[in-house]
Amino acid sequence: MASVAVNKFVEICNYLQDPIHVARFQNFCGVKGTFPEKRTQPDSGQPDPDCPGLRQRVQQSSDEDVGNGDAALAQVNGKQEEDAARPDGPTAAETVRAKPLRRNSLTGDVGQEFLIHNKFLFYLFTFGTELGNEMFFIVFFPFLFWNIDALVSRRLIVVWAWNLFVGQSTKDMIRWSRPASPPVVKVEVFYNSEYSMPSTHAMTGTAIPFCLFMLTYGRWEYTFLFGFSVALSWSLLVCVSRVYMGMHSVLEVITGFLYSLLVLAFFQPTLEKIDNYYMTDHYAPLIIILSHVSLGLVAFSLDSWSTSRGDTAQALGTGAGAALASHVNYQLGLLQDPPLSSLPLTLPPITTGLVLRSVLRFVIGVAVLLATRMAMKAVTIPFLCRLFGLPSDDVRQARQQMKVELPYRYIVYSVVGFICVCFVPVLFWILNLA
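Residues numbered from 1 in each chain as written. Predicted model: local features only at pLDDT ≥ 70, side-chain atom pairs only at ≥ 80, totals over all residues. Heavy atoms only, no water.

1. A look at the overall build of the chain
Moving on, step 1. In terms of helices and strands, the chain carries 15 helices and three strands.
Moving on, step 2. By residue count, 48% of the 434 residues in the chain fall in the buried class.
Moving on, step 3. Within the chain, contacts between residues separated by at least 24 positions form 80% of all contacts whose residues are at least 6 apart in sequence.
Moving on, step 4. Surface exposure of the chain reaches about 21200 Å², of which carbon and sulfur atoms provide 66%. (Helix = DSSP H or I, 4+ residues; strand = E, 2+ residues; numbered from the N terminus. Buried < 20%, exposed > 50% of the residue type's maximum accessible area, 1.4 Å probe, protein only. Contact = heavy atoms within 4.5 Å. Areas by Shrake-Rupley, 256 points an atom, 1.4 Å probe, with all protein chains shown as cover.)

Listed below in C-alpha cells is the structure:
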C-alpha cells in the first residue's frame, strides 16, 4: 500500500515537473516563442542554444522521450498559430516582439526574442516577479523601516535572509536545471544560470507577505480577512509569475511555496527572541558576524559559481549590517520601538504634510544608500583584486572568484544595511524629518 502511494506521488511530481505545462500556460497567457518550427535532430545531451547558462543539467532522454517532446512542442506551436489566425485572435497591432527581461551582465545570457499577444498579463506578471526580486526587498525594507514600523522591518529582514540561504542552498544540493527551452519561452533570463528546485522567488514571495501579516495583525488595526487576502494575493502573483516567465515548473513553484511555509513556521516563534538578542546581548555583534559569514561560506562551498551564491551573500550581508545597526541603536537609545501600551497602532490621517515627509525620507534615504553602495563597490572590488593578485580590468571575471565575490558582497551590503538602519534615521532627525 505504501509503495503504491509513493509511486503515485512520484508520478504526480513527474507530471508537474514537465515543461510542457509551462509552455501551455505561457501560450494561454499570450506568450509565443520564436523557435524553429521543427527540430531536425535531438539534443544529444547538449544545452539549448538559447540557454547558454553556466550550468545546465544534461538531459538523458530516449528516442521515445525526444519524439514525445517534439510532438508536444508541435502541439503548442500549432495551438499558438491557430489562436493567432482566428478572426478574434490577436492582431498584428496587439502583438509585441520583445527580448527577455533583465539581462545578466555577469553571465552574458541574453536569451531569445518572443512575441507577446497579451500586454496586460505581461505587465501584471512582470510586476509579480519583481515582488520576489532582491532589489524589491532592498527598497521595500527601508521604506517600511523609515515610514511605518521599524520592528516589523527588522524581523522581516531576518526571515528574508534565512529564506534565501535555505532556498539557494537547497538549489545547489538538488541541482535541477531550469525548464527546457523549447518548448518553454524564457521571458526572463537573469537567473537562468542558477538551478531551479525550489523556486526561491516563490519562497521569499510567500514568506515575506505572510510573515508581514503575522507580525502586524494585532499590532496594527485591520481586519484578518484584509491582511490574509493581501498576503495570499501577493504570494500567488509571485508564484504564478515564475511559471509565466518560464523560470520554473509547476512542481518547483509549489515546492517553494510549501517550503517557505515550513521555514516560516520554524522561525516565526523565535523572531522576537532573535530580535531581542541582537539588540541587547553583549556578545551579539560577534555572533552576528560569525553566523552570517559562516552561512555564506557554506553556501559558496556547495557548487561552482552562479548568481545564487552572490544573492545569498548579499542577503546575509544586508541582514548582518541591519542586525549590527539594531544593536547600536538600542545601546545608544537612538531608535525606540513604540511601547506596548500604545498597541494596537493605527494609521495616522493621510495629509499632504505626512505624504511629503514620507516621500522626502524615502528619496533622501535611498539616495544615501545608492551613493554608499556605489562608493563601496568602487573601492572594494579593486582592493580585493589587488589583495589577491587578480586583474581588476575584468570585473565580471573577478566577481566569479569566491575570494572576491564573497567579501565584496558582505562588505558592501553589510555597510548598506548598517547605514539604512542606523545612520539614515539619525540623518532624518538632523533634518527634522524623523
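2. Considering the confidence of the model for the chain
Moving on, step 1. Chain-level statistics for the chain give a pLDDT mean of 81 and a share of 82% at 70 or above.
Moving on, step 2. Per-residue pLDDT, averaged within each element of the chain, yields its smallest value for helix H3 (residues 63-85) (46) and its largest for helix H8 (residues 224-244) (94).
Moving on, step 3. Predicted confidence is poor over residues 39-75, with pLDDT under 50, and the contacts of this stretch with residues over four places away or in other chains come to 47 contacts.
Moving on, step 4. Segment residues 83-93: pLDDT under 50, and seven contacts once partners within four positions in sequence are set aside and those in other chains are kept. (pLDDT = per-residue confidence, 0-100.)

3. Focus: the layout of surface pockets
Moving on, step 1. The computed volume of the second largest pocket comes to approximately 830 Å³.
Moving on, step 2. When residues of the lining of the second largest pocket are traced back to their parent elements, those giving at least two are helix H5 (134-147), helix H7 (200-216), H8 and helix H13 (352-387).
Moving on, step 3. Class assignment of the residues belonging to the lining of the second largest pocket gives a composition of 22 nonpolar, five polar and two charged. (1 Å grid on protein atoms, 1.4 Å probe; cavity = no way out; pocket = protein on both sides within 12 Å on 5 of 7 lines; lining within 4 Å. Points joined across faces, edges and corners; volume = space filled by probe spheres on them. Nonpolar A, V, L, I, M, F, W, Y, C, P; charged D, E, K, R; others polar.)

4. Details of the nonpolar core
Moving on, step 1. Counting 71 residues, the largest nonpolar core has Phe140, Leu156 and Ile208 as the members making the most contacts within it.
Moving on, step 2. Here this core gets 12 residues from one element, more than from any other, and that element is helix H15 (residues 402-430).
Moving on, step 3. Sequence-distant contacts of Ile208, that is, excluding residues within four places in its chain, are made with Phe137, Phe140, Phe141, Leu156, Val159, Trp160 and Trp234. (Core = buried A, V, L, I, M, F, W, Y, C linked by side-chain atoms within 4.5 Å.)

5. So, the packing of H7 against helix H9 (residues 250-267)
Moving on, step 1. For the pair H7 and H9, the least separation of the axes is 8 Å and the interaxial angle reads 40 degrees. Taken together, the axis directions place H7 and H9 in an arrangement best described as oblique. Here H7 runs over H9; the crossing is right-handed. Residues Ala202, Met203, Thr206, Ala207, Phe210, Cys211 and Met214 of H7 touch H9, and the partners they reach there are Val253, Gly256, Phe257, Tyr259, Ser260, Leu261, Val263 and Leu264. (Axes fitted to C-alpha atoms, helices over the stretch in contact; angles between N-to-C directions. Parallel < 35°, antiparallel > 145°, perpendicular 65-115°, else oblique. Left-handed = near helix turned anticlockwise from the far one by under 90°.)

6. Comments concerning the sheet that holds strand E3 (residues 114-116)
Moving on, step 1. The sheet built from three strands is open, its strands ordered E1-E3-E2 with antiparallel pairing. One side of each edge strand has no neighbouring strand; the edge strands of this open sheet are strand E1 (31-33) and strand E2 (96-98). Taking the axes of each pair of neighbouring strands and ignoring which way they run, one obtains an average angle of 30 degrees across the sheet.
Moving on, step 2. Sheet topology places E1 next to E3; three bridges connect them, and they run antiparallel. From the neighbouring strand, Val31 faces E3, where its bridge partner is Ile116. (Pairing = 2+ DSSP bridges.)

7. Structural notes on a nonpolar patch on the surface
Moving on, step 1. On the surface, a nonpolar cluster with roughly 300 Å² of combined accessible area is contributed by Ile289, Val293, Leu297 and Met402.
Moving on, step 2. For the nonpolar patch, the leading source of residues is helix H11 (residues 284-300), giving three residues.
Moving on, step 3. Residue placement: Leu297 occurs in helix H11. (Patch = residues over 30% accessible without salt bridge, like charges linked within 9 Å, V, L, I, M, F, W, Y side chains within 5 Å. Salt bridge = Lys/Arg side-chain N within 4 Å of Asp/Glu carboxyl O.)

8. Some points on the environment of Pro198
Moving on, step 1. Tracing the backbone through its elements, the reader meets Pro198 in the loop between helix H6 (150-174) and H7.
Moving on, step 2. Given a relative accessible area of 1%, Pro198 falls into the buried group.
Moving on, step 3. When the C-alpha atoms of Pro198 and Val253 are compared, they prove to be 6.7 Å apart, with 55 residues separating the residues in sequence.
Moving on, step 4. Not counting the four nearest positions on each side in its chain, Pro198 is found in contact with Gly167, Thr170, Lys171, Met203, His248, Glu252, Thr255, Gly256 and Tyr259.

9. A short note on the packing of aromatic side chains
To describe a pair of aromatic rings, one takes the distance between the centres and the angle between the planes.
Moving on, step 1. One pass over the structure, following the stated rule, counts 24 aromatic pairs.
Moving on, step 2. Aromatic pair Phe137 and Phe141: ring centres 5.6 Å apart, planes at 20 degrees, arrangement stacked. With Phe137 and Phe141 both in helix H5 and four residues apart, the pair spans about one turn of that helix. The same class applies to Phe137 as to Phe141, namely buried.
Moving on, step 3. Here the aromatic cluster, defined as three or more aromatic residues joined through ring pairs, consists of Phe210, Phe213, Tyr217, Tyr222, Phe224, Phe226 and Phe228. (Phe/Tyr/Trp six-rings, centres within 6.5 Å; stacked < 30°, edge-to-face > 60°.)

10. Describing the pattern of salt bridges
Moving on, step 1. What the rule picks out here adds up to seven salt bridges.
Moving on, step 2. Note that Asp149 is salt-bridged to Arg219, the shortest N-O span being 2.6 Å. Placement of Asp149 in the loop between H5 and H6 and of Arg219 in the loop between H7 and H8 is noted, with a sequence separation of 70 residues between them.
Moving on, step 3. For Asp149, a relative accessible area of 4% puts it in the buried group.
Moving on, step 4. With relative accessibility at 10%, the residue Arg219 sits in the buried group.
Moving on, step 5. Across the salt bridge formed by Glu405 and Arg409, the nearest N and O atoms sit 3.0 Å from each other. Linking Glu405 with Arg409, this pair stays in helix H15, spanning four residues, or about one helical turn.
Moving on, step 6. Its relative accessible area of 8% is what places Arg409 among the buried residues.
Moving on, step 7. Through salt bridges that share partners, Arg154, Arg155 and Asp275 make up one connected network.

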